[in-house]
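Structure assessment
Next come the chains, spelled out residue by residue.
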Amino acid sequence: MNLAARKVGVDQFEIRQLNSLKEANQYRTPTGMTHDSGRYWEALERAKPAYLELRRKRDEMRSRGETAGVGVAFPAEIASFGPYETAKVKLTSGGKVQVVSGSGPHGQGDGTAFAMIAADVFEVDPSQVEVLWGDTDLIADGQYTAGSRTVAIGGAAVYEASLRLKERLAKTAAEAMGVDVAQLEYSEGKFRRKGDGDSMDLSRLFDASLSMGVVPEESYSYVQKLYYSPYGVHLALVKVDRETGEVRVLDYRAFDDVGTVVNPLTTEGQVHGAVLQGVGQALYEAAIYGDDGSLLSTDFLSYHVPRPKDYVRVLWTSLGLAKSDNPLGAKGIGELGTIAATPAVVNAVEDALNRELLTMPLTPEVVVRHL
């Protein structure tokens, strides 16, 4: 897109607006990929003031003799691969809720998201929810963690299992209280009888279920129908040191549409980490070989991954414009920042140097050659 913009003399943001789909609803591309939902033109409009702000900053820097540039990336990915995921939700002693997932989280904070999903259904504090995974004695069926799928697919399974357990508990409460299910209402962890306010909390329901010979648990396997398509607009402002060739990312703005955000804190954390990983690909990380074919960048002294001094300040905005078709409306976000940050930064360096850059990473040596 940037090569085309430079060729015809159009601003890099404008060329994306001119060529963007207004929106998508199960849109099938000419190459055969289907995007489930998206309001792309609106996302660009939301991001445009930030782009103009970064461009003004760039121009101010240039007026002081500094080499600065702004880059844009407008990614739309295919994520949250199926085929399904399984969860089991159980009421335990003391009225606590236990969630067992077939997914295998490994550090993304998905366990917290599962707790929040079940807590929302049962209207209890997330601290009242225990989340377990990775134990085939507890749940025999599970898939994998990849492709930004864990909350979107695994979380949907937790949500559906929670709803079914809540329905089962309503029948148990109705029988224990001697009323019809229609006479009960539920709020804040209790079933209440309409009219007189007589209630039964989850702790009493656990005891009542066992006395009736009913195990208070439900399992559900959520089957994904279509891939989800997270998308966003990422903007980077960079400064190039003309003597050393070093590139510094001074300002980074991310506008992402991943549908419903279950846990804003961990979701934003995913963005920060993903952006830094993408910056690493753009500027630092390279497998370097000697003339004899031997690998020279064999350790983290010679292979440059982003370090604390390379930290990039990311200002993140969740757009929430288009949802997926799962019951949560979530699309997944783990990889969106990695996909976006690399071209955003490379495009910014192109803008700073007024050059076409076709290789990565843009190490100081590479930048100095272009200068």
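Note: the structure precedes this text.
Residues numbered from 1 in each chain as written. Predicted model: local features only at pLDDT ≥ 70, side-chain atom pairs only at ≥ 80, totals over all residues. Heavy atoms only, no water.

**Focus on the side chain of Ser209**
Position of Ser209 among the secondary structure elements: in helix H6 (residues 202-211). Here Ser209 is in contact with Leu169, Thr172, Val214 and Pro216, once residues within four sequence places are set aside. (Helix = DSSP H or I, 4+ residues; strand = E, 2+ residues; numbered from the N terminus. Contact = heavy atoms within 4.5 Å.)

**With respect to helix H4 (residues 110-122)**
With 13 residues, H4 should reach 18 Å at 1.5 Å per residue; the first-to-last C-alpha distance of 19 Å fits that figure. Most of H4 sits inside the fold, with 10 of its 13 residues counted as buried. The set of residues buried in H4 consists of Asp110, Gly111, Ala113, Phe114, Ala115, Ile117, Ala118, Ala119, Val121 and Phe122. Each element contacted by the buried residues of H4 is listed here: strand S4 (84-92), strand S5 (96-101), strand S6 (129-133), helix H5 (150-177) and strand S7 (184-187). Looking one or two residues past H4, Glu123 carries a phi angle of roughly 55°, positive in sign. (Expected span 1.5 Å × (residues − 1). Buried < 20%, exposed > 50% of the residue type's maximum accessible area, 1.4 Å probe, protein only.)

**Structural notes on the environment of Pro327**
Mapped onto the fold, Pro327 is located in the loop between strand S13 (314-318) and helix H8 (336-353). Considered as a pair, Pro327 and Thr260 are 67 residues apart in the sequence and their alpha carbons are 10.0 Å apart. Apart from the residues within four sequence positions on either side, Pro327 is in contact with Ala156, Tyr159, Glu160 and Tyr222.

**Overview of H8**
Here H8 is 18 residues long and its end C-alpha atoms lie 27 Å apart, about the 26 Å a rise of 1.5 Å per residue gives. In terms of burial, H8 is a largely internal element, 15 of the 18 residues being buried. Downstream of H8 by a residue or two, Asn354 has a phi angle that is positive, lying close to 55°.

**Here we look at the packing of helix H7 (residues 264-283) against H8**
The contact between H7 and H8 brings their axes to 7 Å, and the two run at 45°. As summarised for this structure, H7 and H8 are arranged oblique, according to the angle between their axes. Seen from above, H7 lies across H8 with right-handed handedness. Contacts between H7 and H8 pair Ala274, Val275, Gln277, Gly278, Val279, Gln281, Ala282 and Leu283 from the former with Gly337, Thr338, Ala341, Thr342, Val345 and Val346 from the latter. (Axes fitted to C-alpha atoms, helices over the stretch in contact; angles between N-to-C directions. Parallel < 35°, antiparallel > 145°, perpendicular 65-115°, else oblique. Left-handed = near helix turned anticlockwise from the far one by under 90°.)

**What to know about the sheet that holds S4**
Spatially, the 4 strands line up as an open sheet ordered S6-S5-S4-S10, and their pairing is mixed. Each edge of the open sheet is held by one strand with a lone partner, namely S6 and strand S10 (217-223). Pairwise comparison of adjacent strand axes, ignoring direction, gives a mean angle of 20° for this sheet. In the sheet, S5 pairs with S6 via 5 bridges, with the strands oriented parallel. (Pairing = 2+ DSSP bridges.)

**A short note on the nonpolar core**
With 42 residues, the main nonpolar core has Val99, Phe122, Val129, Leu169, Phe191 and Leu205 as its most contacted residues. For this core, the secondary structure elements donating two or more residues are S4, S5, H4, S6, H5, S7 and H6. In terms of residue count, H5 provides more of this core than any other element does, 13 residues in total. If you look at the next biggest cluster of nonpolar residues, it comprises 33 residues, including Tyr252, Ala254, Ala282 and Val314. (Core = buried A, V, L, I, M, F, W, Y, C linked by side-chain atoms within 4.5 Å.)

**Notes on the packing of aromatic side chains**
Across all of its chains, the model carries 5 aromatic pairs by this definition. Ring centres 6.5 Å apart and planes at 80° place the aromatic pair Tyr40 and Phe74 in the edge-to-face group. Pair noted here: Tyr40 is in helix H3 (residues 40-63) and Phe74 is in the loop between strand S3 (67-73) and S4, with a separation of 34 residues, a long-range link. An angle of 85° between the planes, with centres 5.1 Å apart, marks the rings of Phe81 and Tyr227 as edge-to-face. Highlighted residues: Phe81 in the loop between S3 and S4 and Tyr227 in the loop between S10 and strand S11 (231-240), separated in sequence by 146 residues. For Tyr227, a relative accessible area of 39% gives the class partly exposed. Taken together, the aromatic side chains of Tyr40, Phe74 and Tyr231 make up a single cluster linked through ring pairs. Directly above the aromatic system of Tyr144 lies the positively charged group of Arg149, at a separation of 4.2 Å from the ring centroid. (Phe/Tyr/Trp six-rings, centres within 6.5 Å; stacked < 30°, edge-to-face > 60°. Lys NZ or Arg CZ within 6 Å of the ring centre and 35° of its normal.)

**Overview of the pairing of S3**
Summarising burial for S3: 7 of the 7 residues are buried, a large majority. By the alternation rule, side chains of S3 split into Thr67, Gly69, Gly71 and Ala73 and Ala68, Val70 and Val72, which are all buried. Two elements, S3 and S11, share 7 bridges in a ladder whose sense is antiparallel. Each bridged residue has a counterpart across the sheet, and for Val70 the counterpart in S11 is Leu237.

**Brief notes about the packing of H4 against H5**
For the pair H4 and H5, interaxial distance at closest approach is 9 Å and the crossing angle is 30°. In this view, H4 runs roughly parallel relative to H5, as classed from their interaxial angle. Here the hand of the crossing between H4 and H5 comes out right-handed. Contacts between H4 and H5 involve Asp110, Ala113, Phe114, Ile117, Ala118, Val121 and Phe122 on the former and, on the latter, Thr150, Val151, Gly154, Gly155, Val158, Tyr159, Ser162, Leu163, Leu165, Lys166 and Leu169. For the contact of H4 with H5, the class distribution of residues is 12 nonpolar, 4 polar and 2 charged. (Nonpolar A, V, L, I, M, F, W, Y, C, P; charged D, E, K, R; others polar.)

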